[in-house]
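Inside the fold
Residues per chain, in single letters:
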Amino acid sequence: MTDTPQPWHPIGLALATGDARSDLIAGAAALVVGLALGWLAHSAAGRYGLGRQRAFFGLPQGSECVLVTHRDTTAASQWSIPRHDALALLCLSSVVERCGAHAEVAPHDTGLQGFGARTEFCIGDPLTHRRLAAHLANLLPGVAVHPGDEAGADRATFTIGGTDYRMEPGAVEYVLLARLTAGGGDRPVFLAAGQRPVTHRAAVRHLVRQHTRLVRRRGGDGSFCVLLKVVNSQAYGADVVELVADVTKAALAPSEPKGHRAA
């Protein structure tokens, strides 16, 4: 006995087609809802990240900050910024723009107001950068920067916590990166004090790229001071940076009279 084929029934076909269409609509709706929820979660995470960045840099929406740098004394114009400092300022400008703040660029030897009223980024060589030297003396008394002898030996050597950090130009160079809060306001001062111009740029790049990690180092008032080492700048420029130590405690304390060479 053979099976008799079932006749084609238009009503049954319509029901099957309707079920498939319902499944398709339900799937599309679930996809739309999932995409919307994902977008909302991503937007919330972005707002949270931006809020943390604004808090760390002291740059709320519409706020003002000042970028203090060297003058290029070899330039023919009245005021020109050295190359590495200019590149460091470009790196900072991306942060300022993302936070919705506004920046003023000022030379180090121009009279500026005290610190704390607006965020300040102070970048340069502490032996020739007047404002940076003043900040180190007032805010980081535990850091000594040596001018070197008449021949220039040991120039820009840092002494921190009794240890000397001497540079080997092009091979090993050091830079201090600090976030400090002091003065009459609550806006931070960022310092990038290096032994050579390339180190200033390296410190700023480290600050911008690693600010989320640096947040974890903050103390009760958000202040920190870390020592970075720029490795083989003659080959790699400002790209290879190593964290030597968190020197916040030693830098905030009175300076040691003598030091020993870093290992």
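Look up: the structure comes first, before these words.
These figures come from a predicted structure and were not determined experimentally.

The secondary structure content of the chain amounts to seven helices and 11 strands. Every one of the 263 residues in the chain was classed for burial, and the buried ones make up 38%. Contacts spanning at least 24 positions in sequence make up 67% of the contacts within the chain whose residues lie at least 6 apart. Total accessible area on the chain is roughly 14,500 Å²; 56% of this is exposed by carbon and sulfur atoms.

The next point concerns the pairing of strand β1 (residues 64-69). Most of β1 sits out of view: five of its six residues are buried. Pairing geometry for β1 and strand β2 (residues 102-107), over six bridges, is parallel. From the neighbouring strand, Val68 faces β2, where its bridge partner is Ala106. As paired strands, β1 and strand β3 (residues 119-124) are joined by four bridges and run parallel to one another. When the sheet's bridge partners are listed, Val68 is paired in β3 with Cys122.

Of note in this structure, Asp154 is not a glycine but carries a positive phi near 65 degrees. Note that Asp154 resides in the loop between β4 (143-146) and β5 (157-160). Judged by relative accessible area, Asp154 falls into the partly exposed class, the value being 42%.

Let us look at the pattern of salt bridges. Considering all chains together, one arrives at eight salt bridges under this definition. The partner of Asp239 in a salt bridge is Arg205, with the nearest N and O atoms 2.6 Å apart. Here Asp239, found in the loop between α6 (233-236) and β10 (241-246), pairs with Arg205, found in helix α4 (residues 197-209); they are 34 residues apart in sequence, far enough to count as distant. What emerges from the salt-bridge pattern is a single network uniting Asp154, Asp164 and Arg166.

As a further point, take the pairing of strand β7 (residues 172-180). Counting buried positions along β7 gives nine out of nine residues, so the element sits mostly inside the fold. Side chains Val172, Tyr174, Leu176, Ala178 and Leu180 project from β7 onto one buried face, and the interleaved Glu173, Val175, Leu177 and Arg179 project onto a second face that is buried too. Where β7 and strand β9 (residues 224-231) come together, eight bridges link them in antiparallel fashion. Its bridge partner lying in β9, Leu177 is registered against Val226. Pairing of β7 with strand β8 (residues 189-194) involves six bridges; the strand directions are antiparallel. Note on β8: the bridge partner recorded for Leu176 is Ala193.

Attention now moves to α4. The end-to-end C-alpha distance of α4, which contains 13 residues, comes to 19 Å, matching closely the 18 Å that a straight helix rising 1.5 Å per residue would cover. Among the 13 residues in α4, 10 count as buried, and that is most of the element. Taken together, the buried positions of α4 are Val198, Thr199, His200, Ala202, Ala203, Val204, Arg205, His206, Leu207 and Val208.

For the rest of this paragraph, the subject is the nonpolar core. Core analysis: the biggest nonpolar cluster contains 32 residues, and Phe56, Phe57, Leu59, Leu92, Phe121, Val204 and Leu207 have the highest contact counts within it. Those residues in contact with Phe57, other than ones at most four positions away along the chain, are Val95, Thr119, Phe121, Pro188, Phe190, Leu207 and His211. In this structure, Cys122, Tyr165, Val172 and Val247 belong to the second largest nonpolar core, which totals 24 residues.

Attention shifts here to the sheet that holds β1. The seven strands lie next to each other as β2-β1-β3-β8-β7-β9-β10, forming an open sheet whose pairing is mixed. Two strands in the sheet have a free side with no partner beyond their single neighbour: β2 and β10. Neighbour-to-neighbour, the strand axes of this sheet turn through a mean angle of 20 degrees, independent of strand direction. Its contacts with the sheet put α4 on β3, β7, β8, β9 and β10, and the angle it makes with β7 is roughly 45 degrees.

Mapped onto the elements, His129 comes out in the loop between β3 and α3 (130-139). Taking relative accessible area as the criterion, His129 reaches 0% and is therefore assigned buried. Polar side-chain contacts of His129 include one of 3.0 Å to the backbone nitrogen of Leu132. Each residue touching His129, except ones within four places of it in the same chain, is listed here: Val68, Thr69, His70, His108, Cys122, Ile123 and Gly124.

A few words on the packing of aromatic side chains. Going through the model one piece at a time under the given rule, you end up with seven aromatic pairs. With 5.6 Å between their ring centres and 40 degrees between their planes, Phe57 and Phe190 make a pair best called tilted. In this pair, Phe57 sits in helix α1 (residues 10-57) while Phe190 sits in strand β8, placing the two residues 133 residues apart along the sequence. Each member of the pair, Phe57 together with Phe190, is buried. Three or more aromatic residues joined by ring pairs make a cluster, and in this case those are Phe56, Phe57, Phe121, Phe190 and Phe224.

What counts, and at which threshold
- Residues numbered from 1 in each chain as written.
- Predicted model: local features only at pLDDT ≥ 70, side-chain atom pairs only at ≥ 80, totals over all residues.
- Heavy atoms only, no water.
- Helix = DSSP H or I, 4+ residues; strand = E, 2+ residues; numbered from the N terminus.
- Buried < 20%, exposed > 50% of the residue type's maximum accessible area, 1.4 Å probe, protein only.
- Contact = heavy atoms within 4.5 Å.
- Areas by Shrake-Rupley, 256 points an atom, 1.4 Å probe, with all protein chains shown as cover.
- Pairing = 2+ DSSP bridges.
- Salt bridge = Lys/Arg side-chain N within 4 Å of Asp/Glu carboxyl O.
- Expected span 1.5 Å × (residues − 1).
- Core = buried A, V, L, I, M, F, W, Y, C linked by side-chain atoms within 4.5 Å.
- Axes fitted to C-alpha atoms, helices over the stretch in contact; angles between N-to-C directions.
- Polar contact = N/O pair within 3.5 Å; in protein donor to acceptor, adjacent residues only side chain to side chain.
- Phe/Tyr/Trp six-rings, centres within 6.5 Å; stacked < 30°, edge-to-face > 60°.

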